[in-house]
Amino acid sequence: MDDKYIGGEAASPGSDGYIAGGAQPGNKQAAPAEQPSLETELQQVTAAGGLSAVPPHFEDKDGYWKTILSANPFEALYLDYRQYAVITPETVKKNYDALTAFWMGKGKLLTGGAREKIKARYGEDTVTNAVKLLDAAYQKLKTKEGIDLYYREIDRKRYTEGLKSVEELVDISLEDGEFTKQEAARIISKAVKHGLTETEIRSYLLALIKDKGFKPRNTKQVTEEFEGQWMTDERWKTAQSRTTIWLDHSVSTLEETGEVTFNHKEKAFTRLSGANYLPVVVSQLTNNTDKGFEYEEIIRGENDREKRFLKVVYRLNPSLPFLLEEWPYPDIESLLADTATDYGLFTSAAASYKAGHLHIWLKETDPENAAKLTADTQHKNFLTFLYRVNKTHPFYLNGEKFDTPKQLAERAKYEAGLWNKIAEAMMNGQLPAWLEGIGRLEWIQQYNQKLEPVLNASYYQDEDKRLAAAQTFIEVIAAQTPQPVIASEPAALELTAIEGSKLFQHTFKVKLSDWGFTKAVVYLDKNIEGIWLNEKIISLHSLYGTTEKVVTVSVDALKLVKDKLYNVNIIIATPYQTVALPVKIKIVFPKKAFIAQLLKYAAFGALFFGIVRYLLGAVTGFNTWLAQDYHFYTYTSLATPSEYLPPKYFLFFVILLVLLGGLIASFSIIKKGEKL
């Protein structure tokens, strides 16, 4: 069996032999607009004064109906709590009424014929308890006092959970008695990701380090509060006693050494080319020769100078940022936030991952995200890592950004130019990495199951399989996308008056009912000599305008028995369905042809004998039709031979030979002309 058009870390078939090609796509149609994110949706609904009815996409399988399960009463009522100041009790009631009507309608369906469908989409418990959950949320927010109260409660919880998310990182950063701007940047980035504002976390950190006895030791003018080399008194004394020179700069800690190395890369390359320099500095700063040997092993064990540099720098100072296209990133989250909007940066990040540079950085600085790295470093592996870190990161298909698989699938329904790109991305494992990363393994399973019949169809060539792979992706992900359906027109053929005198041909159409691409094999279910089809395999593709094919049934009447009824089925089989077109064939006596042949050869005979008579008159000089005064064989018993033979009698024998020759030649001519 052919390899499936899918990839992943475990296995993938690769893309050899599946080169994109084919006709150019036809006219594009407008793809449906992608729905906004939940956060944007709630902001818009709240700013508009509430709901009049639930949005059209609300009840989709992956729609925002799941807000009913939120512990946040604002979200349960489809409101943005951050806009509490403009939310009125009337807005709350308006949303409550619209949502209650929706869920009560689903409750009625749960008791009817659509029960299983409703259970599968929403869950029985969700539908059963939805109105109760709405009531509970409404009771909390039905007054202005309630709106203010629950806003403060939710906001307080947000602030507390935001601080808790960075608590461990803060403790680690302050443990050595020094707090650097790089450490501050990492903490701020993570806190913002978990709901705090930058102002909130900065104020918190500044108050905390002052409370713990940290003081700014840098006497130079700084532009940012955490650039001041914050240290405790004890840490400052230690730093002062162990000061040394590295790359022409005074350093007193490993962190400072790392920062100097980081900022003077080209000079550092020469110092790190051998193990004679840095290990000595490390031993002096730490008063520990074993620590110096640790760096000696790093330098001697890595031949690639870029990797050696990164290993040394991030071992010396894990709080240093990662440079990508000369932009410093304090953590992987902020880096991937920018790759989500900049394809050039995305490709650079993928190249850094392939080179192993991101691995070095994360293993030294971020154990949590380092655990999400993959052993292989191909592009699909980078995507696997990326979506482990950031599930909402968009997907780039040949440089074009798609925020969700549904957005891509809906676009591809109307743009044939995307099909080969989708097939390639499925084959090389990139799209599967995206689907797996966002938690949609069931889509991958459905894709494999639906594609299986195509891969087993021997009449599908490589390019056809590419199109089928793209179509299967669309079917699985895009809403209400059926498999391609074909039909014959007409649904049956009755050819029961075929005259048995010549080759007979009749046509029918194979039509694609709606949308998509398919190939079909066309054949007769019985092998009858004298009946055949002009097409064996046909292709239909709605986006290329090929929605129907004309097929010809040919019948050689001379090879069939007259007056016998032949029943045969024309089978049109695709990987998705089989259509049988019943055909009745009967050969009858060719009355019309028989009469036509009689008339034809009577005319030919009359013409032939007329020509012979004309020639006879022409060569003998007698142009009249057997004139009364001329007798060919006039003689008496007393006549001499010259008297009873007609004039020019020898020419009569010549014309006789012409007559006999014409009759003999006509036999061969007729036999050849009638194909006897």
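Residues numbered from 1 in each chain as written. Predicted model: local features only at pLDDT ≥ 70, side-chain atom pairs only at ≥ 80, totals over all residues. Heavy atoms only, no water.

A surface patch of negative charge is lined by Glu167, Glu168, Asp171, Glu175 and Asp176. Note that aspartate 171 resides in helix H6 (residues 144-174). (Patch = residues over 30% accessible without salt bridge, like charges linked within 9 Å, V, L, I, M, F, W, Y side chains within 5 Å. Areas by Shrake-Rupley, 256 points an atom, 1.4 Å probe, with all protein chains shown as cover. Salt bridge = Lys/Arg side-chain N within 4 Å of Asp/Glu carboxyl O. Lys, Arg positive; Asp, Glu negative; His and termini not counted. Charge placed at Lys NZ, Arg CZ, Asp CG, Glu CD. Helix = DSSP H or I, 4+ residues; strand = E, 2+ residues; numbered from the N terminus.)

Attention now goes to a nonpolar patch on the surface. A cluster of nonpolar side chains, Leu607, Ile611, Tyr614, Leu615, Val654 and Val658, forms an exposed patch at the surface whose accessible area comes to about 550 Å². Residue class for valine 658 comes out partly exposed when judged on its relative accessible area of 38%. (Buried < 20%, exposed > 50% of the residue type's maximum accessible area, 1.4 Å probe, protein only.)

Moving on, we get to the packing of aromatic side chains. The full count for this structure, using the stated rule, is 25 aromatic pairs. By the ring-pair criterion, three or more aromatic residues cluster together here, those being Phe58, Trp65, Tyr78, Phe102, Trp103 and Tyr122. Looking at arginine 305, its charged tip hangs above the ring of phenylalanine 269, at a distance of 4.0 Å from the centre. (Phe/Tyr/Trp six-rings, centres within 6.5 Å; stacked < 30°, edge-to-face > 60°. Lys NZ or Arg CZ within 6 Å of the ring centre and 35° of its normal.)

Let us look at the sheet that holds strand E13 (residues 517-524). Ordered by their spatial adjacency, five strands build an open sheet running E11-E18-E17-E13-E15, and the pairing between neighbours is mixed. Each edge of the open sheet carries a strand with a single partner, namely strand E11 (493-499) and strand E15 (537-541). Recorded for the sheet is a direction-independent mean angle of 25 degrees between the axes of neighbouring strands. Packing against the sheet, helix H24 (residues 462-477) makes contact with E13 and E15, and its axis sits at approximately 125 degrees to E13. (Pairing = 2+ DSSP bridges. Axes fitted to C-alpha atoms, helices over the stretch in contact; angles between N-to-C directions. Contact = heavy atoms within 4.5 Å.)

Moving on, we come to the pattern of salt bridges. All chains considered together, the criterion is met by 33 salt bridges. Its salt-bridge partner being glutamate 368, residue lysine 190 comes within 4.0 Å of it at the nearest N-O pair. Taken as a pair, lysine 190 in helix H7 (residues 181-193) and glutamate 368 in helix H18 (residues 367-370) lie far apart in primary sequence, 178 residues in all. A salt bridge links lysine 509 to glutamate 548; the shortest N-O distance between them is 3.4 Å. Taken as a pair, lysine 509 in strand E12 (residues 503-512) and glutamate 548 in strand E16 (residues 548-556) lie far apart in primary sequence, 39 residues in all. A single network of salt bridges, built from pairs that share partners, joins Lys291, Glu294, Arg315 and Glu364.

If you look at the biggest cluster of nonpolar residues, it comprises 87 residues, and the most contacted ones within it are Leu335, Ile422 and Phe473. With eight residues, the top contributor of residues to this core is H24. Ignoring anything within four residues of it in the chain, the contact list for leucine 335 reads Phe322, Leu324, Tyr329, Leu345, Ala349, Leu358 and Trp361. Formed by 33 residues, the second largest nonpolar core is a distinct cluster that contains Tyr81, Ile87, Ala98 and Tyr122. (Core = buried A, V, L, I, M, F, W, Y, C linked by side-chain atoms within 4.5 Å.)

Think of an α-helix as 3.6 residues a turn; residues three or four steps apart then line up on the same face. If you check which residues of helix H15 (residues 332-339) are buried, you get Ile332, Ser334, Leu335, Leu336 and Thr339. Capping the start of H15, aspartate 331 holds a side-chain oxygen 3.3 Å from the backbone nitrogen of glutamate 333, two or three residues further along. (Polar contact = N/O pair within 3.5 Å; in protein donor to acceptor, adjacent residues only side chain to side chain.)

Now for the side chain of glutamate 475. Inspection of the secondary structure puts glutamate 475 in helix H24. Among all residues touching glutamate 475, those that are not within four sequence positions of it are Lys450, Thr481, Pro482, Gln483, Pro484 and Trp515.

We now examine the side chain of arginine 440. Of note, arginine 440 is situated in the loop between helix H22 (430-437) and helix H23 (441-455). Given a relative accessible area of 12%, arginine 440 falls into the buried group. Ignoring anything within four residues of it in the chain, the contact list for arginine 440 reads Asp62 and Leu435.

Turning next to the confidence of the model for the protein chain. A residue-level look at the protein chain finds 88% of positions with pLDDT of 70 or above and a mean pLDDT of 85. Note on residues 626-630: pLDDT under 50 across the span, and six contacts to partners over four residues away in sequence or across chains. For residues 632-639, every residue scores under 50 in pLDDT, and the model assigns this stretch 10 contacts once sequence neighbours within four places are set aside. (pLDDT = per-residue confidence, 0-100.)

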